[in-house]
Each structure stands twice: as C-alpha cells, then as structure tokens.
Amino acid sequence: MLYRTLKRMIERGQTDGIEKKLDIFYAAGKITDGEYSELVGMLSAQR
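Residues numbered from 1 in each chain as written. Predicted model: local features only at pLDDT ≥ 70, side-chain atom pairs only at ≥ 80, totals over all residues. Heavy atoms only, no water.

Peer 1: Looking at this structure, how should I read the overall build of the protein?
Peer 2: Looking only at helices and strands, the protein has three helices and zero strands in total. Along the protein, from the amino end to the carboxyl end, the secondary structure elements read α-α-α. The buried share of the protein, taken over its 47 residues, is 21%. Considering only contacts in the protein between residues 6 or more positions apart, those separated by 24 or more positions represent 56%. Accessible surface computed for the protein: about 3,400 Å², of which carbon and sulfur atoms make up 50%. Taken together, the 8 basic and 7 acidic charged side chains of the protein have centroids lying 7 Å from each other. (Helix = DSSP H or I, 4+ residues; strand = E, 2+ residues; numbered from the N terminus. Buried < 20%, exposed > 50% of the residue type's maximum accessible area, 1.4 Å probe, protein only. Contact = heavy atoms within 4.5 Å. Areas by Shrake-Rupley, 256 points an atom, 1.4 Å probe, with all protein chains shown as cover. Lys, Arg positive; Asp, Glu negative; His and termini not counted. Charge placed at Lys NZ, Arg CZ, Asp CG, Glu CD.)

The structure is reproduced here in structure tokens:
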C-alpha cells in the first residue's frame, strides 16, 4: 500500500521532500530493496 502511494505521488509530480521519505521508509523496512530502487529511479527520471 505504501509503495503504491509513493509511486503515485512520483507519477503525479508531487516530489517535494519525497527523497528523504523514501530513505526513511527504506531504513525502517517499510519498503523492499526492489521497491526502493524503482522509486528512486522514477524520481531521478522526473528531474
């Protein structure tokens, strides 16, 4: 659920502060290695 929400936010361009949130969720084990990699890749492509 969290992964889908984060993905949707990036797709919509709502990226203010999201990189820090991704790091926190990843460190806390809320998203997997693969999900983190995909979301960071999407975020990089947006910029």
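Peer 1: Would you explain the environment of M9 in this entry?
Peer 2: With respect to the helices and strands, the residue M9 is situated in helix 1 (residues 2-11). Looking at M9, the relative accessible area reads 23%, which means it is partly exposed. With 34 residues separating them along the chain, M9 and L43 place their C-alpha atoms 9.9 Å apart. Leave out the neighbours within four places in its chain, and M9 touches Q14 and I18.

By themselves these figures say nothing about function.
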